[in-house]
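# Chains, contacts and geometry: an overview
The primary structure of each chain is shown beneath.
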Amino acid sequence: MARISAREKLLDAARDVVRAQGFSATSVDELCAAAGVTKGAFFHHFASKEALGAAAADHWSETTGALFASAPYHAPSDPLERVFAYIDFRAGLIAGDLAEFTCLVGTMVQEAYRTSDAIRTACANSIFGHAKTLEADIAAAIELYGAPAGVTAESLARFTQSALQGGFILAKAAGNDAPAREAVAHLRRYFELIFQPGRKGDAP
């Protein structure tokens, strides 16, 4: 079994602790305690808490990217079915405590977008980068099914993230997962209205 480095332990701790209580409320001492490493080990790997935050956003992108790349929603041959399968997959991830299914980078960027360019940039790369992975399927669905004027694959891909991140915020405000589930359900309905799956072959 491969040994987990102190750096990776800190990144994993940041993922869990920051999602539970926010970036500003999380101290270096708490991160070290959660990771089971010394403060010296922290500063050996990261110059500051801000540096850890930016690295944690990149780490989040890598680990969640691997999850989504291997997810079953890629299997359908029809691109619109793949889009719906993606939305259903996201719905299935809403489980457990709020900190277990909400987004690390969405949490951090709300706090740090004015105070840390490094964290904001890393979070933006993560959120917009994930949206970009959906563009090819959405573009193929537009080609196959048609879509209202002005609808683009890029804007729809970004909208999926708006709905998801908004659902996470409302879930935190409500203290339960119902608003997040509701947001994903409405996201699916929106795509059904945009594409009208029974219209295949009638693209303008």
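Coordinates for the structure precede this section.
Below is a short write-up of the structure. Computed from a predicted structure; not experimentally measured. (Residues numbered from 1 in each chain as written. Predicted model: local features only at pLDDT ≥ 70, side-chain atom pairs only at ≥ 80, totals over all residues. Heavy atoms only, no water.)

### Section: the overall build of the protein chain
Going by this rule: Secondary structure follows DSSP: runs of H or I at least 4 residues long count as helices, runs of E at least 2 residues long count as strands, and numbering of each begins at the N terminus. Categorising residues by exposure relies on relative accessible area from a 1.4 Å probe, with only protein chains included: less than 20% of the type maximum marks a residue as buried, more than 50% marks it as exposed, and the intermediate range marks it as partly exposed. Here, residues are in contact when the closest pair of their heavy atoms is within 4.5 Å. Under the convention used here, a 1.4 Å probe and the Shrake-Rupley method define accessible areas, while residue burial counts only the protein chains that appear. Charge assignment: positive for Lys and Arg, negative for Asp and Glu; neither His nor the chain ends contribute. For the purpose of locating charges, the reference atoms are NZ of Lys, CZ of Arg, CG of Asp and CD of Glu.
Per the secondary structure count, the protein chain includes eleven helices and zero strands. When its helices and strands are written in sequence order, the protein chain yields α-α-α-α-α-α-α-α-α-α-α. When each of the 204 residues of the protein chain is scored for burial, the buried share is 44%. Taking the contacts inside the protein chain whose residues are at least 6 apart along the sequence as the reference set, 69% of them involve residues at least 24 apart. In the structure as shown, the protein chain presents an accessible area of about 10400 Å², 56% of it carried by carbon and sulfur atoms. Distance between charge centroids for the protein chain: 2 Å, based on 19 positive and 23 negative side chains.

### As for the pattern of salt bridges
Note the following rule: In what follows, salt bridge is the name for a side-chain nitrogen of Lys or Arg lying within 4 Å of a carboxyl oxygen of Asp or Glu.
With the rule as written, the count across this model stands at nine salt bridges. The partner of arginine 15 in a salt bridge is aspartate 12, with the nearest N and O atoms 3.4 Å apart. Note that arginine 15 and aspartate 12 are positioned in helix α1 (residues 6-21) at a spacing of three residues, about one turn of the helix. When the shortest N-O distance is used, the salt bridge between arginine 15 and aspartate 16 registers 2.8 Å. When its relative accessible area of 36% is taken as the criterion, aspartate 16 is described as partly exposed. Taken together, the shared-partner salt bridges connect Asp12, Arg15, Asp16 and Arg19 into one network.

### Things to note about helix α9 (residues 135-145)
We apply this condition: The arc in question is traced by the directions running from the helix axis to the C-beta atoms.
Buried residues of α9: Glu135, Asp137, Ile138, Ala141 and Tyr145, and no others. Down the axis, α9 shows its buried residues gathered within 165° of arc, on one side only. Exposed and facing more than 90 degrees away from the buried side of α9 are Ala136 and Glu143. For α9, the secondary structure elements touched by its buried residues are α5 (79-92), α8 (117-132), α10 (153-174) and α11 (178-195). Positioned one or two residues after α9, glycine 146 has a phi angle of 80°, which is positive.

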